[in-house]
Amino acid sequence: MKCLPRFQIMAADEFKNNNDSGQAIFEFLIFIPFLMLAFSLLTTFGNSLNGSINQQKATRRYFYYLLSGNSTAPVSTDLIRWKNTGLMNAGMSSVGWREKSQDQVSWGNCYATTSLLRKNDEETCEAPKVGETGTDFIRVFTFYGICGESYSTFGNNHFRVDHLNKGSSSCQVR
């Protein structure tokens, strides 16, 4: 008669390798670049979002400051400025925010993404690459406006309230 070999059940701690003393440090060193990248992206996008919100608040406040004491928009100074430009109808007033303008080009506030993600080191906020489909910067522009009274030009190129088109949309600019 043949005897079958006896199988012994071993406890889990008998299989444990006692040579993993530096594993946590190694895992930390592998994970820390991803953690730093996520933190820098979060702060960049968070700062640009916060800047956009504050910029919108300031633009809206400035818009209503310009309209102070005037219940109809656009204000008369805008209508006087537009009278010889060929504009026929006006019915809205708006304000935009820009950091600066140069040669009929407006520049919005600029937030740079983290340097680890940069595609092009030659591009800066002041000198963007023209013709590129992507950019390494977040540019924030703000625009705020309201629909106001409808104005139309008549014979002498002066604007006056258009009582005939009261039912039509007053937010048309032609």
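Everything numeric in this text was worked out from a predicted model, so none of it was measured. (Residues numbered from 1 in each chain as written. Predicted model: local features only at pLDDT ≥ 70, side-chain atom pairs only at ≥ 80, totals over all residues. Heavy atoms only, no water.)

Quick notes on the overall build of the protein chain
Stated precisely, the cut-off is as follows: Helix and strand assignments come from DSSP, with helices taken as H or I runs of at least 4 residues and strands as E runs of at least 2, each series counted from the N terminus. Burial classes: relative accessible area under 20% of the type maximum marks a residue as buried, over 50% as exposed, and values in between as partly exposed (1.4 Å probe, protein chains only). Between two residues, a contact is recorded if the distance between any of their heavy atoms is within 4.5 Å. Calculation of accessible area relied on Shrake-Rupley with a 1.4 Å probe; when residues are assessed, cover is drawn exclusively from the protein chains displayed.
Scanning the protein chain from N- to C-terminus turns up three helices and seven strands. Listing the helices and strands of the protein chain from first to last along the sequence gives α-α-α-β-β-β-β-β-β-β. A total of 174 residues make up the protein chain; the buried ones form 24% of that total. For the protein chain, restricting intrachain contacts to residue pairs at least 6 apart in sequence, the fraction spanning at least 24 positions comes to 65%. In the structure as shown, the protein chain presents an accessible area of about 13,600 Å², 57% of it carried by carbon and sulfur atoms.

Focus on a nonpolar patch on the surface
Worth spelling out the cut-off: Think of a patch as exposed residues, more than 30% relative accessible area, with no salt bridge, where like charges cluster within 9 Å and nonpolar side chains (Val, Leu, Ile, Met, Phe, Trp, Tyr) cluster within 5 Å. For this document, the term salt bridge refers to a Lys or Arg side-chain nitrogen within 4 Å of an Asp or Glu carboxyl oxygen.
Together, Phe26, Ile30, Phe31, Phe34 and Leu35 make up a nonpolar patch on the protein surface, roughly 560 Å² of accessible area in all. In this structure, Phe34 sits in helix 2 (residues 23-66). With a relative accessible area of 56%, Phe34 lands in the exposed category.

Some thoughts on the environment of Tyr62
Its place among the elements puts Tyr62 in helix 2. Residue Tyr62 is classed as partly exposed on the basis of its relative accessible area, which comes to 44%. For the pair formed by Tyr62 and Val95, sequence separation is 33 residues and the distance between their alpha carbons is 8.2 Å.

Comments concerning helix 2
For clarity, the threshold we go by: Expected span of a helix, by definition, is 1.5 Å for each gap between consecutive residues, and there is one gap fewer than residues. By definition, a residue's bend is the angle between the axes fitted to the seven residues ending there and the seven starting there.
With 44 residues, helix 2 should reach 64 Å at 1.5 Å per residue; the first-to-last C-alpha distance of 64 Å fits that figure. At Phe31, helix 2 is bent by approximately 35°, the largest bend along its length, and proline Pro33 sits one to four residues beyond. Buried within helix 2 are the following residues: Ser40, Thr44, Ser48, Gly51, Gln55, Thr59 and Phe63. Contacts made by the buried residues of helix 2 are with strand 1 (89-97), strand 4 (109-112), strand 5 (137-140) and strand 6 (142-154).

Remarks on the nonpolar core
Our working rule: What is meant by a nonpolar core is a set of buried Ala, Val, Leu, Ile, Met, Phe, Trp, Tyr and Cys residues, joined one to another through side-chain atoms within 4.5 Å.
Of all hydrophobic cores here, the largest spans six residues; its members are Phe63, Leu67, Ala73, Val75, Val95 and Tyr144. Those residues in contact with Val75 that sit more than four places away from it in its chain are Leu66, Leu67 and Asn70. In this structure, Leu79, Leu87, Tyr151 and Phe159 belong to the second largest nonpolar core, which totals five residues.

Focus on the sheet that holds strand 7 (residues 158-161)
Basically, it comes down to this: For two strands to be treated as a pair, DSSP must find at least two bridges joining them. Between the N-to-C directions of two axes lies an angle of 0 to 180 degrees, each axis being a line fitted to C-alpha atoms and, for a helix, fitted only over the stretch in contact.
Taken together, three strands build an open sheet; the order of strands is 1-6-7 and the sheet is antiparallel. Two strands in the sheet have a free side with no partner beyond their single neighbour: strand 1 and strand 7. Pairs of neighbouring strands in the sheet enclose a mean axial angle of 55°, with direction left out of account. Where strand 6 meets strand 7, four bridges bridge the pair, whose relative direction is antiparallel.

Section: the packing of aromatic side chains
In this description, a pair of aromatic rings is defined by centroid distance and the angle of the planes. Put simply, the test is: Here is the rule: rings of Phe, Tyr and Trp (six-membered ring for Trp) pair when centre to centre is within 6.5 Å. Planes less than 30 degrees apart are stacked, more than 60 are edge-to-face, and the remainder are tilted.
On inspection of all chains with the given rule, the structure shows four aromatic pairs. Here Tyr62 and Tyr65 contribute two aromatic rings whose centre-to-centre distance is 6.3 Å and whose plane-to-plane angle is 25°, an arrangement assigned as stacked. Taken together, the residues Tyr62 and Tyr65, both in helix 2 and three residues apart, mark about one turn of the helix. Summarising the aromatic geometry, the rings of Phe63 and Tyr144 are spaced 5.5 Å apart at their centres and angled 80° between planes, so their arrangement reads as edge-to-face. Here Tyr144 lies in strand 6 and Phe63 lies in helix 2, a separation of 81 residues in the sequence. Judged by its relative accessible area of 1%, Phe63 is buried.

Re the environment of Arg160
Take Arg160: it is sitting in strand 7. Residues Arg160 and Leu79 lie 81 residues apart in sequence; the distance between their C-alpha atoms is 9.1 Å. Dropping the residues within four chain positions of it, Arg160 is found in contact with Ser150, Tyr151, Ser152 and Phe154.

Quick notes on the confidence of the model for the protein chain
Quick reminder of the rule: Across the chain, each position has a pLDDT score giving the predictor's confidence in that residue, from 0 to 100.
A residue-level look at the protein chain finds 72% of positions with pLDDT of 70 or above and a mean pLDDT of 76. For the protein chain, per-element mean pLDDT is lowest for helix 1 (residues 12-15), which scores 56, and highest for helix 2, which scores 88.

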